Amino acid sequence: MAKDYPASPKAQHLQESKKQRLTYVLVVSSLCVAFYVLGAWQNTTMPKPIGDSAISRVDCDPVAQKDGSVPSFGSASENVLDFDAHHQLNLNDTEAAVQQFPVCSLNFSEYTPCEDRPRGRRFERDMLIYRERHCPGKDEQIRCLIPAPPKYKNPFKWPQSRDLAWFDNIPHKELSIEKAVQNWIQVEGNKFRFPGGGTMFPHGADAYIDEIAKLIPLSGGNIRTAIDTGCGVASWGAYLLKRNILTMSFAPRDTHEAQVQFALERGVPAILGVMGTQRLPYPSRAFDMAHCSRCLIPWAGYDGLYLAEVDRILRPGGYWIHSGPPVNWRTHHNGWQRPEKDLKKEQDKIEDVARSLCWNKVGEEEDLSIWQKPKNHLECANIKKKYKIPHICKSDNPDAAWYKKMESCLTPLPEVSNQGSIAGGEVEKWPERAFAVPPRVKRGTIPGIDGKKFEEDKKLWEKRLAYYKRTAPIKEGRYRNVMDMNANLGGFAASLIKYPVWVMNVVPVNSDKDTLGAIYERGFIGTYQDWCEAFSTYPRTYDLLHADNLFSIYQDRCDITDILLEMDRILRPEGTAIIRDTVDVLTKVQAIGKRMRWESRILDHEDGPFNPEKVLVAVKTYWTADPSEHS
């Protein structure tokens, strides 16, 4: 075989081939690196916000389809979320539709699992036990999607929603007839109007609140959190909002059809609840003010049981406002059709209970009677020598409030060293209160959380909200009712205070830290909840749900499918869910969400792709009940 010399044509050809192969390898390697970097960058980049021309839009159609299929999540070139409002949607038949959850019949449109009236009738009527929470057992649980009424429309935006709601969203005229002279609600064509009236303030909540303001300081930021027992359609809370007072309004599901649903449709905080035998699901020392306007609660009965519960949840120095029978009985006894002596006796009993709780009467003006809880219990010992009932509660956790029986006893306040001190610590005035270290954190009563951890949490939520705003239209007025399903210290709510939203801060009873008291000390509202059960609200009452590692807490406690179906029940059509968790959990959530007609995308953590925690952003698609079922 002849040798190949360097100068020969064959040798030159081999040398050129080697150079070409080397160049090819280098080019391929460079492209691989480039595409990896580009892919990582794209995965970290959030979808463009609302208003960008690249967002895909789903056309409206005057008739909703029946086949249960799902609209496309985006175009092939732009996989982005569509937050636009729609009223009817043309659904295409897809293979995924076969595996979707079935749709419940229309009579489930207002289904409230734990306040279901047929189930409630199995329980005693005494002390309204039948109206308390009675959740379905495994054999009674349903696994179908709660439908919106056939002509459902997106609610009016705040602040217009305070006064208006679509009739088709809550097709009930009962209150407009039963409460006509009291101006709760009026029907105007295809809309409801809320004039702001109430049983004891038919001329408007504003004028009524002005009368209260003559007796106690509603301005200046001293009073921030309030609770309204037996709230009607929550007009008292609705009109307090412009005074920067946030009210937890509650009422039972009873013959006054859908009053809490009306409140939430208006964009006003409200929850289903009743004062029966169980403690209210709030911590001790939570509210600055409590209110009852003809709420029909027997305050003088059961050895002062219900006033003792109000005392438990009132902050030291907080106020109790009472209007309606028997207040001002000399003027109203004929209209109430009750004997004067009976009304006087009832009034005297209420005053005795209030004094036995060491409260002081601020004043009584016409139909208003206002009492104040003491700032501490230093002088209460002398008062209790006179009033033996209710007795001082024995050693107990005053914040324990999930399925815990009420007791007719006085909850002792934390000890203080002098008469001028506020038991448990003083809170800042609003709005400074939202970002000041809560007294419970300062005092070290929440294990593992101190002032430093609190400050770190504030910075964390500044970063997270900036990240969320790139994909969810928080600042666009798309949301009003927001729920943080695992609220921790309330950082998400605090980050939203400059936007026209309110947040229901939920602290799971299964959490290793009870932070709800600190959330109230920051000037926010919330409740305890076991997410293995349904939440006490009507369907379609929240615009945005936020779940921070919630499923990691519950995945070994109950089926996360049931939690997601509950989220679908309470989320409004075209509402958004933001869920933070590990990739393994989120892939399960995304698969279940697809069966619920959710469109979703898993995004990287705000710190980048190497953080094991990810963020799922999902939109509940618009669909309604079959119009043929509508009666």
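Bear in mind that the values here come from a model prediction, so they are computed numbers and not experimental data.

Thresholds applied
- Residues numbered from 1 in each chain as written.
- Predicted model: local features only at pLDDT ≥ 70, side-chain atom pairs only at ≥ 80, totals over all residues.
- Heavy atoms only, no water.
- Helix = DSSP H or I, 4+ residues; strand = E, 2+ residues; numbered from the N terminus.
- Buried < 20%, exposed > 50% of the residue type's maximum accessible area, 1.4 Å probe, protein only.
- Contact = heavy atoms within 4.5 Å.
- Areas by Shrake-Rupley, 256 points an atom, 1.4 Å probe, with all protein chains shown as cover.
- 1 Å grid on protein atoms, 1.4 Å probe; cavity = no way out; pocket = protein on both sides within 12 Å on 5 of 7 lines; lining within 4 Å.
- Points joined across faces, edges and corners; volume = space filled by probe spheres on them.
- Nonpolar A, V, L, I, M, F, W, Y, C, P; charged D, E, K, R; others polar.
- Core = buried A, V, L, I, M, F, W, Y, C linked by side-chain atoms within 4.5 Å.
- Disulfide = S-S within 2.5 Å.
- Pairing = 2+ DSSP bridges.
- Axes fitted to C-alpha atoms, helices over the stretch in contact; angles between N-to-C directions.
- Salt bridge = Lys/Arg side-chain N within 4 Å of Asp/Glu carboxyl O.
- Parallel < 35°, antiparallel > 145°, perpendicular 65-115°, else oblique.
- Left-handed = near helix turned anticlockwise from the far one by under 90°.

Novice: Before we move on, could you go through the overall build of the protein chain and cite the residues and values that matter?
Specialist: Scanning the protein chain for helices and strands turns up 17 helices and 19 strands. When burial is assessed residue by residue, the protein chain has 56% of its 631 residues classed as buried. Pairs at least 24 residues apart make up 72% of the contacts formed inside the protein chain by residues separated by at least 6 positions. When the accessible surface of the protein chain is totalled, it reaches about 28,100 Å², and 52% of it is carbon and sulfur.

Novice: Account for empty space enclosed by the protein, with residues named and values stated.
Specialist: Counted by the stated rule, this structure contains five cavities of 30 Å³ or more. Looking at the largest cavity, its volume works out to about 340 Å³. As for the largest cavity, its lining consists of 25 residues, of which Arg133, Leu272, Gly273, Arg279 and Pro281 are closest to the centre. The class makeup of the residues in the lining of the largest cavity is 13 nonpolar, six polar and six charged.

Novice: Please provide a residue-by-residue account of the nonpolar core, values included.
Specialist: Ranked by size, the top nonpolar core spans 142 residues in total, and within it Trp236, Met289, Trp299, Trp320, Met483, Phe551 and Met567 carry the most contacts. Discounting chain neighbours no more than four positions away, the residues touching phenylalanine 551 are Ile560, Ile563, Leu564, Met567, Ile579, Asp581, Val585 and Val589. Membership of the second largest hydrophobic core comes to six residues, among which are Val441, Ile446, Leu489 and Ala518.

Novice: Which residues make up unusual backbone geometry, and what values do they have?
Specialist: At the junction of proline 325 and proline 326, the peptide bond is cis and its omega measures out at 5° in the coordinates. You can see proline 326 is positioned in the loop between strand S8 (314–323) and helix H8 (329–336). For the bond from tryptophan 430 to proline 431, the omega torsion is 10°, close enough to zero to count as cis. Summarising the element assignment, proline 431 is placed in the loop between strand S12 (409–410) and helix H11 (439–442). Look at cysteine 358: it is not a glycine, yet its phi comes out positive at around 70°.

Novice: So, the state of the cysteines: which residues are in play, and what are the values?
Specialist: As enumerated under the stated definition, the model contains six disulfides in all. Put simply, cysteine 104 and cysteine 144 are joined by a disulfide, and their sulfur atoms are 1.9 Å apart. When the S-S torsion is 100°, as for the bridge of cysteine 104 with cysteine 144, the disulfide is right-handed. Taken together, the residues span a long stretch of sequence, with cysteine 104 in the loop between helix H1 (9–44) and helix H2 (117–120) and cysteine 144 in the loop between H2 and strand S1 (164–166) at a distance of 40 residues.

Novice: So what's going on with the sheet that holds S1? Residues and values would help.
Specialist: Taking strand neighbours across the sheet as the criterion, the three strands line up as S1-S3-S2 in an open arrangement whose pairing is antiparallel. Looking at the sheet topology across the chains shown, the edges are occupied by S1 and strand S2 (186–188). Neighbouring strand axes in the sheet, compared pairwise and without regard to direction, differ in orientation by 30° on average. Of the pairings in the sheet, the one linking S2 to strand S3 (residues 191–193) comprises three bridges and is antiparallel in character.

Novice: If you had to explain the pattern of salt bridges to someone new, which residues and values would you point to?
Specialist: Taken as a whole, this structure holds 38 salt bridges when the rule is applied. The partner of arginine 312 in a salt bridge is glutamate 309, with the nearest N and O atoms 2.9 Å apart. Pair noted here: arginine 312 and glutamate 309 are both in helix H7 (residues 305–313), with a separation of three residues, about one helical turn. Taken as a pair, arginine 312 and glutamate 309 share a single burial class, namely buried.

Novice: Account for the pairing of strand S13 (residues 481–484), with residues named and values stated.
Specialist: Alternating residues of S13 divide into Asn481 and Met483 and Val482 and Asp484, and every residue in both groups is buried. Bridging between S13 and strand S14 (residues 502–508) involves four bridges; their strand directions are parallel. Pairing of methionine 483 across the sheet is with methionine 504, part of S14. Sheet topology places S13 next to strand S16 (residues 542–548); three bridges connect them, and they run parallel. In the sheet register, aspartate 484 faces S16, and the bridge partner there is histidine 546.

Novice: Explain the packing of helix H16 (residues 560–570) against helix H17 (residues 583–595) to me, and be specific about the residues and the numbers.
Specialist: Running from N to C, H16 and H17 cross one another at 55°; their axes reach a closest spacing of 10 Å. As summarised for this structure, H16 and H17 are arranged oblique, according to the angle between their axes. Once H16 is placed against H17, the crossing between them reads as right-handed. On H17, the residues touching Ile560, Thr561 and Leu564 of H16 are Lys588, Val589 and Ile592.

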